Amino acid sequence: DTAVSQTPKYLVTQMGNDKSIKCEQNLGHDTMYWYKQDSKKFLKIMFSYNNKELIINETVPNRFSPKSPDKAHLNLHINSLELGDSAVYFCASSQGRRGSNEKLFFGSGTQLSVL
Amino acid sequence: RKEVEQDPGPFNVPEGATVAFNCTYSNSASQSFFWYRQDCRKEPKLLMSVYSSGNEDGRFTAQLNRASQYISLLIRDSKLSDSATYLCVVNWAGTASKLTFGTGTRLQVTL
């Protein structure tokens, strides 16, 4: 009965490959996010979706493409992976339209290692 | 200057000690403030919100100083299980999509 679940937990891949990370939340939240946490532990928002609508798109290379088939799912597809993409990617969700409730619930993270 | 700055630590304290972390933020328009806790290799979890008048939750006390633009977290009677990284989080826009995270202060509580 995990609230925010993401898969896979670990992803090891070669440079240049394309990979996807999936996220699902069963909290009934309207807003979902992707965050990136780099090796210096800096947690930075990448994207935010409200009920399938993209509302935040920070300065992220267009190799990263989020997709939200419904409000309970937000997937992240990454094309042409680069060494610098190695990080932990966290999915999160929050209640309220456009994240009006500020409490974030995070998934357990996907550790991406690009070799 | 970083938007949210924290001393990375680590703070090594014995069980039972009192420890305090500070965090400074650069945007004077910031509206809401939080402390999140992140265990090693785990996701961040909300520890507590920080209110203007200061607030307490058991052994944890959070304070806000808007004039000096800093917030603090005090942990009394530290437990081994308090060992984690504490992330200071600031929001200037009132929506979760504008939360800005500090890089965290690592606490290690020892016997």
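The coordinates are above.
Residues numbered from 1 in each chain as written. Chains lettered and ligands numbered in written order. Predicted model: local features only at pLDDT ≥ 70, side-chain atom pairs only at ≥ 80, totals over all residues. Heavy atoms only, no water.

1. Some points on the overall build of chain A
Along its length, chain A carries zero helices and 11 strands. Put simply, chain A runs from its N terminus to its C terminus through helices and strands in the order β-β-β-β-β-β-β-β-β-β-β. The C-alpha radius of gyration computed for chain A amounts to 13 Å, which stays within 12% of the reference 13 Å derived for 115 residues, consistent with globular compactness. Counting only C-alpha atoms, chain A reaches 40 × 30 × 25 Å along its principal axes. Burial analysis of chain A (115 residues in total) assigns 43% to the buried set. (Helix = DSSP H or I, 4+ residues; strand = E, 2+ residues; numbered from the N terminus. Rg over C-alpha atoms; globule rule 2.2 N^0.38 Å. Buried < 20%, exposed > 50% of the residue type's maximum accessible area, 1.4 Å probe, protein only.)

2. Focus on the state of the cysteines
Across all of its chains, the model carries two disulfides over all chains by this definition. The disulfide bridge from cysteine 23 of chain A ends at cysteine 91 of chain A, spanning 1.8 Å between sulfur atoms. Measuring the twist about the S-S bond at about -80°, one finds the cysteine 23 of chain A-cysteine 91 of chain A disulfide to be left-handed. Residue cysteine 23 of chain A is located in strand β3 (residues 19-25), and its partner cysteine 91 of chain A is located in strand β9 (residues 87-94); the two are separated by 68 residues in the primary sequence. Its relative accessible area of 2% is what places cysteine 23 of chain A among the buried residues. In this model, cysteine 23 of chain B is linked to cysteine 88 of chain B through a disulfide, with the two sulfur atoms separated by 1.9 Å. (Disulfide = S-S within 2.5 Å.)

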